[in-house]
Amino acid sequence: MKVKLHGARFFSKLDLTNAFYHLELHKESRDLTTFLSENGMFRFTRLMFGVNCAPEIFQREMTRILDGVENIIIYIDDVLIFADSLEKLRETVSEVLRILRVHNLTINSAKCEFDKTKIRFIGHQLDENGFNIDDTKVRDIRRFRQPSTVSELRSFLGLASFVSPYIKGFADIASPLWAATRADGWIWGLEQESAFRNLKEQIMNCTISLGYFSEKHKTFLYTDASPNALGAVLVQQDSDHPPRVISFASKALTPTEKRYPQNQREALATVWAVEHFAFFLLGRPFVIRTDAQGVTFILNRTRENSKRALTRADGWALRLSPYKFDVEYVCGRDNIADPSSRLYEGEDEPFAEDFSPWEIAVLEANQALFLTEDEIREETAKDRHLQEVTDALESGIWLKHLKNYEVLSNDLVVREGVLVKTGCAIIPQNLRQKALAVAHAGHPSKAKFKSILRERVWWPGMPKEAEAWVDSCAVCATNGKPERPTPMQRVFAPRNVWETVAIDFNGPYLKYGGISILVIVDYRSRYIIAKPVKSTSFENTKKVLEAVFEKEGFPQTTKSDNGPPSMVKTIGNIVQTGASMLSSLYHCILNKMAWPKAA
């Protein structure tokens, strides 16, 4: 990149809108992205964020599209354009925009920059003199105030010790500060002030010189929260070198956020830190390290379905679902993010709970499939039938054609122009078809469809209309058609007695010692033989059947339901179809027959 930018004096940068969504997925691959929601099953039709290979695929396509254009550098969805004069720069920008327009690629004009002499690109400040490291990596550590307690000083020295392998003469620089931690009282003089400033400068310098992110190295994110600020430190480590700091980050808490319980502040620090460094973490495995055991419990995905009281922190944790991470607990003295939260001073915007700058997927619903309260209120005022119901509620006089509403009069109330039945809005006639369409957007089954409607809306005859809607839905008819049942086969009566018999067990009867009844029924004469047995094993069943068949003769066909003794082994020509006897018949046998000695 340094060779390409030699001689560049002017710069422009283009940022694509929803980068990966520009690429359409092959139809055979779309089913792999299917996910389930409360409104049904959905799948992506375009390349989604969070796929490991998505950046490489998009980079390859952008390189192919802009092949042949000079003086550009492409990094995924960012395009840097440079030249030694404004005229050449604008010509190249126009050519790039033309190519993007031909391929239906859109840009985010709010993030684009044009005709700049200094520009920030992938973590560097670029100008005609060359590269400069982006100051945002160490901007927050520059705002560290000096410690005011021994605990704060030890926290800062813990961070300094972490990066001490890269600080020349660390022991000599930090010795006045270590001496202050061992003193009986709090000591802070000019020597400690000079050492603190020097050490802070050394930490910033080693971060700038060593903090280049690598996709091959293991990534750790340390997070912490104090009563006044949040802190985070992004760290990487390989097997051959000590850990190195990639970037620091801090965020001052607003007055409202300062009132959060400490456990929720710790959870907020984790979620904010992950989203702050999402550029590095998205689509890559990493480890979150925190000194709050409550946060490790909340973010532990093996416990997501456990019974527990849900808090604001659990809602924040759902924002991290697209990321691949493990959570580790570290003690406070080993958490190098502690000074980033304790010593940081500044004023920052509140955490945006309703907006994430790194959205993984957005389902853009059809605006026509929304049913708003204002819309219901407006149509209710136009609906003559519902206006008569409203008047009847006030006067107590019900017309004959309002009997469907009169029987429910105790449950009806008017709230801000909307007729309500036990918490459900009564939908005017003109909006009922739209209400059915909104509720059936995910193509639920009849039972689920009616359940969705009952929780939100009501009108007379709604269940029948819902069933008719599902029956008329072409998508449900195509995808939800049940399998055909197995056709029934007629069984004709045998020509002779004892030609076909059915065998089955009834019981066991615990009050008679666990005895079961082996029942044999002749299909022709309905003659019944019942034999009490202590065991339904194969050997015992075979013994009883041999005794019966020796006396009555062997039938041509025996039918059973393949019970415990596997009676198909007893006689070679058994037809494997079910033959279960009526329970009432068995009880009659028990009541009218004496109990002979069990076999």
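Computed from a prediction, not measured in an experiment: that's the story for all the values here. (Residues numbered from 1 in each chain as written. Predicted model: local features only at pLDDT ≥ 70, side-chain atom pairs only at ≥ 80, totals over all residues. Heavy atoms only, no water.)

All right, on to the overall build of the chain then. Counting its regular elements, the chain contains 22 helices and 23 strands. The burial tally for the chain puts 42% of its 599 residues in the buried class. Summarising the internal contacts of the chain: among those between residues at least 6 apart in sequence, 63% fall at separations of at least 24. Here the chain has roughly 34,800 Å² of accessible surface; of this, 51% comes from carbon and sulfur atoms. (Helix = DSSP H or I, 4+ residues; strand = E, 2+ residues; numbered from the N terminus. Buried < 20%, exposed > 50% of the residue type's maximum accessible area, 1.4 Å probe, protein only. Contact = heavy atoms within 4.5 Å. Areas by Shrake-Rupley, 256 points an atom, 1.4 Å probe, with all protein chains shown as cover.)

Of note, the phi angle at N71 is positive, near 60°, even though the residue is not glycine. Within the fold, N71 resides in the loop between α2 (54-65) and β4 (72-75). Even without being a glycine, E416 presents a positive backbone phi close to 50°. Its location among the elements puts E416 in the loop between β15 (412-415) and β16 (418-421).

Quick look at the pairing of strand β5 (residues 78-83) now. Within β5, six of the six residues are buried, which leaves it mostly tucked inside the rest of the structure. As judged from the six bridges shared by strand β1 (residues 10-15) and β5, these two strands associate in the antiparallel manner. When the sheet's bridge partners are listed, K13 is paired in β5 with L80. Here β4 runs beside β5; their pairing, made up of four bridges, is antiparallel. Looking across to β5, one finds that I72 is bridged to I81. Hairpin geometry of β4 and β5 is characterised by an intervening segment of two residues between the two adjacent antiparallel strands and by a positive phi of about 55° at I76. (Pairing = 2+ DSSP bridges.)

Glancing now at the pattern of salt bridges. Where side chains of opposite charge bring their charged atoms close, a pairing between them can arise. Taken as a whole, this structure holds 21 salt bridges when the rule is applied. The partner of R64 in a salt bridge is E61, with the nearest N and O atoms 2.9 Å apart. Of this pair, R64 and E61 both sit in helix α2, three residues apart, which is roughly one turn of the helix. Classification of R64 as exposed rests on a relative accessible area of 52%. Residue class for E61 comes out buried when judged on its relative accessible area of 18%. Taking the shortest distance from any N to any O, the salt bridge between E95 and R98 comes out at 2.8 Å. Pair noted here: E95 and R98 are both in helix α3 (residues 86-102), with a separation of three residues, about one helical turn. R98 gets classed as partly exposed once you look at its relative accessible area, which sits at 40%. Look at the salt bridges and you will find they share partners, linking E373, D374, R377 and E416 into a network. (Salt bridge = Lys/Arg side-chain N within 4 Å of Asp/Glu carboxyl O.)

Membership of the largest hydrophobic core comes to 32 residues, with the highest contact counts inside it found for L221, V274, L299 and W316. Those elements that provide at least two residues to this core are β10 (218-225), β11 (229-237), β12 (244-252), α9 (262-276), α10 (278-281), β13 (285-290), α11 (293-299) and α12 (312-317). Looking at which element gives the most residues to this core, the answer is α9, with seven residues. (Core = buried A, V, L, I, M, F, W, Y, C linked by side-chain atoms within 4.5 Å.)

With that settled, the discussion passes to the packing of aromatic side chains. As enumerated under the stated definition, the model contains six aromatic pairs in all. Each ring, one from F286 and one from Y323, has its centre 6.5 Å from the other, and the planes form 85°; the classification is edge-to-face. Of this pair, F286 sits in strand β13 while Y323 sits in the loop between α12 and β14 (324-329), and the two are 37 residues apart along the sequence. Summarising the burial analysis for this pair, F286 and Y323 share the class buried. Here Y405 and W458 contribute two aromatic rings whose centre-to-centre distance is 5.9 Å and whose plane-to-plane angle is 90°, an arrangement assigned as edge-to-face. Of this pair, Y405 sits in helix α16 (residues 403-406) while W458 sits in strand β18 (residues 457-458), and the two are 53 residues apart along the sequence. (Phe/Tyr/Trp six-rings, centres within 6.5 Å; stacked < 30°, edge-to-face > 60°.)

To continue, consider helix α5 (residues 150-162). Here α5 is 13 residues long and its end C-alpha atoms lie 18 Å apart, about the 18 Å a rise of 1.5 Å per residue gives. Those residues of α5 that fall on the buried side of the exposure criterion are E152, L153, S155, F156, L157, L159, A160 and F162. (Expected span 1.5 Å × (residues − 1).)

Time to look at the environment of C331. With respect to the secondary-structure elements, C331 resides in the loop between β14 and α13 (338-342). Its relative accessible area of 23% is what places C331 among the partly exposed residues. Taking C-alpha positions, C331 is 8.5 Å from A292, a pair spaced 39 residues apart along the chain.

On to the sheet that holds β11. Spatially, five strands are ordered β12-β11-β10-β13-β14 in an open sheet, and the strand pairing comes out mixed. The open sheet has two edge strands, β12 and β14, and neither has a second partner. Within the sheet, the average angular offset between the axes of one strand and its neighbour, ignoring direction, is 20°. Note that β10 and β13 share four bridges and pair parallel. Note that in β13 the partner of F220 across the bridge is V287. This element, α9, spans β10, β11, β12 and β13 of the sheet and lies at about 140° to β10. (Axes fitted to C-alpha atoms, helices over the stretch in contact; angles between N-to-C directions.)

Attention now moves to the side chain of R289. Mapping R289 onto the fold places it in strand β13. Setting aside anything within four residues of it in sequence, one finds R289 in contact with F220, L221, Y222, T223, E328 and V330.

The next thing to look at is the packing of helix α17 (residues 432-439) against helix α19 (residues 462-471). Where α17 contacts α19, the two axes come as close as 11 Å, and the packing angle between them is 60°. One way to sum up the angle between α17 and α19 is to call them oblique. α19 is crossed by α17, and the crossing has right-handed handedness. Only E465, A466 and W469 of α19 make contact with α17, whose side of the interface consists of Q433, L436 and A437. Its residues assigned to classes, the contact of α17 with α19 shows four nonpolar, one polar and one charged. (Parallel < 35°, antiparallel > 145°, perpendicular 65-115°, else oblique. Left-handed = near helix turned anticlockwise from the far one by under 90°. Nonpolar A, V, L, I, M, F, W, Y, C, P; charged D, E, K, R; others polar.)

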